[in-house]
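# Coordinates in review
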Amino acid sequence: VKARGKNDFQLFTPQMQQEFHRKVMIEKQLQTALVNEEFELYYQPIMDLKTNEMIGMESLIRWNNKTLGQVPPDEFISIAEETGLIIPIGHWVLNTAIEQNAHWQKTTNQPIYVSINVSVRQLLDPTFLEKLKNTIETTSLHPSQIVLEITESIAMYAETTIEKIAELKKLGITLSMDDFGTGYSSLSYLTKYPLDSLKIDKSFAINMHRNDENKAIIQTIIAIAKEFNLKVIAEGVEEQETCHFLAEIGCDYAQGYHFSPPLPASEFQEKWL
Ligand code: C2E
Ligand code: CA
Ligand code: CA
Ligand code: CA
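Residues numbered from 1 in each chain as written. Chains lettered and ligands numbered in written order. Predicted model: local features only at pLDDT ≥ 70, side-chain atom pairs only at ≥ 80, totals over all residues. Heavy atoms only, no water.

## A look at the nonpolar core
A general tendency of soluble globular proteins is for nonpolar side chains to be buried together. Let me state the cut-off plainly: Joining through side-chain atoms within 4.5 Å is the link that ties buried Ala, Val, Leu, Ile, Met, Phe, Trp, Tyr and Cys residues into a set, and such a set is a nonpolar core. Burial classes: relative accessible area under 20% of the type maximum marks a residue as buried, over 50% as exposed, and values in between as partly exposed (1.4 Å probe, protein chains only). Numbered from the N terminus, helices here are DSSP runs of H or I no shorter than four residues, and strands are runs of E no shorter than two. Two residues form a contact once any of their heavy atoms are found within 4.5 Å.
Core analysis: the biggest nonpolar cluster contains 75 residues, and Leu 30, Leu 148, Leu 168 and Leu 195 have the highest contact counts within it. In terms of residue count, helix H3 (residues 86-108) provides more of this core than any other element does, nine residues in total. In contact with Leu 148, not counting residues within four places along its chain, are Leu 94, Ile 116, Val 118, Phe 128, Leu 132, Leu 168, Ile 173, Thr 174, Leu 175 and Ser 176. Judged by nonpolar contacts, the second largest core, of five residues, contains Tyr 113, Val 147, Ile 233 and Tyr 253.

Written out as structure tokens, the structure is:
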């Protein structure tokens, strides 16, 4: 066997090749996923920890492709962002979630809100606001029943996003900072954006009652939220003990498998409305 010299390294391992191939496949299949109606929205309840009632639900995209099977959003959303496909996909998500909630409001008379994930790339799209306004008009869903979940990455595009977010706020839309506690940016954006709530990243709540460090982080986040007059939502709540502790330390809302996994619309309606 030939000994490997200093410059004789393998650039692509078989595993890297496989990953690259899958990424190319996802990119290719994503192009036609919308027209083939391969996307579906699931809904997960968000609970008030004081009353134990559902106050809203988060819409979460699912992709079922003939060739690739079920592809998790953590795998394809970043690719959709890179290719720009997140613009039409995100538009479809907004329309579908808002239409669905408008329908549920009419049939059930329950004032629950729908919380929708929005990529920064989507927010930067110059037609974003106009499209959203149109959807709100045609469905006549009250804007207060719409929550947009954004991430800390908006702070990197402050020039554009501060103005956009202010306009969303003027429309009466509620704004939530997702994955709070995982970003590396300074917290100064908390004073620059008119947020309504913080969602504590699920990595902190999972196993929380067995992990003192995570407990301390959650307590700190709640203290920050109170300081800025923001509501706090914990996600990834899988156990009853976690619920008790969260309620005790003043967390307002919770979401997670303990209450329900994300469900298809029909099942969600059956179980929760
Ligand atoms: P996220 O916004 O942080 O959503 C929460 C994720 O945690 C969801 O994963 C949800 O199914 C999962 N989850 C809920 N409860 C629990 C729990 O108790 N334990 C654990 N371990 N996990 C729980 P999902 O649906 O796979 O989505 C992953 C990510 O993909 C989302 O994270 C979000 O960043 C992105 N995503 C999902 N739907 C959309 C969408 O419509 N648009 C955009 N731009 N991104 C989306
Ligand atoms: Ca989210
Ligand atoms: Ca999150
Ligand atoms: Ca996320």
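## Brief notes about the coordination of the calcium ion (ligand 3)
Applicable threshold: Each metal site is built from N, O and S donor atoms within 2.8 Å (3.2 Å for Na, K and Ca), and since water is not included, such sites may look incomplete.
Here the calcium ion (ligand 3) is held by the protein donor atoms Asp 178 (OD), Asp 179 (OD) and Glu 235 (OE), which lie 2.0 to 2.3 Å from it. Counting residues between consecutive donors of the calcium ion (ligand 3) along the chain gives the motif D-D-x55-E. Between the calcium ion (ligand 3) and the calcium ion (ligand 2), the interatomic distance is 4.1 Å, and Asp 178 donates to each metal, bridging them. For Asp 178, a relative accessible area of 8% corresponds to the buried category. We classify Asp 179 as partly exposed; its relative accessible area is 27%.

## Re the site of ligand 1
Note the threshold: Whether a residue is near a molecule or strand depends on its heavy atoms: if one lies within 4 Å, it is near. Polar contacts, as counted here, are pairs of nitrogen or oxygen atoms within 3.5 Å of one another; within protein the pair requires one atom able to donate a hydrogen and one able to accept it, and residues that are adjacent in sequence qualify only if both atoms are side-chain atoms. Amino acid classes used here: Ala, Val, Leu, Ile, Met, Phe, Trp, Tyr, Cys and Pro are nonpolar; Asp, Glu, Lys and Arg are charged; the rest, including Gly, are polar.
Taken together, 22 residues surround ligand 1, and among them Gln 44, Arg 62, Asp 178, Glu 238 and Tyr 257 come closest. At a separation of 2.6 Å, a nitrogen atom of ligand 1 approaches a polar side-chain atom of Glu 238. Taken together, the residues of the shell around ligand 1 break down into nine nonpolar, five polar and eight charged.

## Describing H3
Definition in use: A helix is expected to span 1.5 Å for every residue after the first.
Taking 1.5 Å per residue, 23 residues should reach 33 Å; H3 reaches 32 Å between its end C-alpha atoms and fits that length. Directly beyond the C-terminal end of H3, a positive phi value near 60° is found at Asn 109.

## A look at the pairing of strand E2 (residues 54-65)
Put simply, the rule is: In this description, strands pair whenever DSSP reports at least two bridges between them.
Of all 12 residues in E2, nine are buried, a share of seventy percent or more. Relative to E2, strand E1 (residues 39-48) runs antiparallel, the two being bridged by nine bridges. Residue pairing in the sheet places Phe 39 in a bridge with Trp 63 of E2. Counted along the chain from E1 to the antiparallel partner E2, the turn is five residues long, and its residue Asn 52 has a positive phi close to 60°. Pairing of E2 with strand E4 (residues 113-117), which is carried by four bridges, proceeds in the parallel orientation. Paired with Met 57 across the two strands is Val 114, which belongs to E4. The pairing of E2 with strand E3 (residues 69-71) spans three bridges and is antiparallel. Opposite Asn 64, over in E3, you have Gln 70 as the bridge partner. Between E2 and E3, which pair antiparallel one after the other, the connecting turn spans three residues.

## Examining the environment of Ile 206
Positionally, Ile 206 belongs in the loop between helix H8 (202-205) and helix H9 (212-227). Relative accessible area serves as the criterion here: at 27%, Ile 206 is assigned to the partly exposed category. Along the backbone, Ile 206 and Thr 242 are 36 residues apart, and their C-alpha atoms lie at a distance of 8.3 Å. Every residue in contact with Ile 206, bar those within four places of it in the chain, is listed here: Asn 214, Gly 236 and Glu 238.

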